Amino acid sequence: QVQVVESGGGLVQPGGSLRLSCAASGSISRIYTMGWYRQAPGRQRNMVAHITSGGTTNYADSVKGRFTISRDNAKNTVYLQMNSLKPEDTAVYYCNQVIQSLGRPTTTDYWGQGTQVTVSS
């Protein structure tokens, strides 16, 4: 079995910073793309950033220049450094990891439980 656990959300003032982490554990053979998504109340879940196994990154236009995604393959962990936070960044942030489990030929999308990020003065 595989588990994906997030940490690092919280309350921050506009202009502040937060760092989210998401670690996978269990029977893992390989991790492909890792990403972060967010969902504000009453809105659909949208991609924030993702990073391939080769390190190629992609960002939503709304966070370019402010957020940085990175990964530590030795720790099966993906990070999201969020700087210059704005009230419109307030949402529940979800981690996604595309994982091939040991002994299986296909991959599965695993989601974290979600972590609340609130940007408010």
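Note: the structure precedes this text.
What counts and how
Residues numbered from 1 in each chain as written. Predicted model: local features only at pLDDT ≥ 70, side-chain atom pairs only at ≥ 80, totals over all residues. Heavy atoms only, no water. Disulfide = S-S within 2.5 Å. Helix = DSSP H or I, 4+ residues; strand = E, 2+ residues; numbered from the N terminus. Buried < 20%, exposed > 50% of the residue type's maximum accessible area, 1.4 Å probe, protein only. Pairing = 2+ DSSP bridges. Axes fitted to C-alpha atoms, helices over the stretch in contact; angles between N-to-C directions. Phe/Tyr/Trp six-rings, centres within 6.5 Å; stacked < 30°, edge-to-face > 60°. Lys NZ or Arg CZ within 6 Å of the ring centre and 35° of its normal. Contact = heavy atoms within 4.5 Å.

Describe the state of the cysteines, with residues and values.
Inspection of every chain in the model, using the stated rule, returns 1 disulfide. Paired through a disulfide, Cys22 and Cys95 show a sulfur-sulfur distance of 2.0 Å. Here Cys22 and Cys95 share a disulfide; its torsion about the S-S bond, -75 degrees, makes the bridge left-handed. With Cys22 in strand β3 (residues 18-26) and Cys95 in strand β9 (residues 91-101), this residue pair connects regions lying 73 residues apart in the sequence. For the pair formed by Cys22 and Cys95, the shared burial category is buried.

An account of the sheet that holds β3 is requested, with residue identities and associated values reported.
Strand order in this open sheet of 4 strands is β1-β3-β8-β7, and the pairing throughout is antiparallel. Edge positions in the sheet fall to β1 (2-7) and β7 (67-72), since each has one partner strand and no second. Each strand of the sheet is rotated relative to its neighbour by a mean of 15 degrees, with strand direction disregarded. Across 6 bridges, β1 lies against β3 in antiparallel orientation. By the bridge assignment for β3, Ser7 is matched with Ser21.

Give a detailed account of the packing of aromatic side chains, specifying residues and quantitative values.
Under the definition given, this model contains 1 aromatic pair. The ring of Tyr79 has Arg19 lying over it, and the distance from NZ or CZ to the ring centre is 4.1 Å. Positioned above the aromatic ring of Trp111 is the side chain of Arg45, whose terminal nitrogen or guanidinium carbon lies 4.8 Å from the ring centre.

Outline unusual backbone geometry, listing residues and values.
Positive phi, normally seen in glycine, also occurs at Asn76, with a value near 55 degrees. Structurally, Asn76 is set in the loop between β7 and β8 (77-82). With a relative accessible area of 22%, Asn76 lands in the partly exposed category. Here the phi dihedral of Ser84 falls at roughly 50 degrees; this positive angle occurs in a residue that is not glycine. Mapped onto the elements of the fold, Ser84 is located in the loop between β8 and β9.

Lay out the environment of Thr115 in plain terms, naming residues and giving numbers.
Note that Thr115 resides in strand β11 (residues 115-119). Exposure remark for Thr115: the relative accessible area of 12% places this residue in the buried category. When neighbours within four sequence positions are excluded, Thr115 is seen to be in contact with Glu6, Gly8, Gly9, Leu20, Ala91, Val92 and Tyr93.

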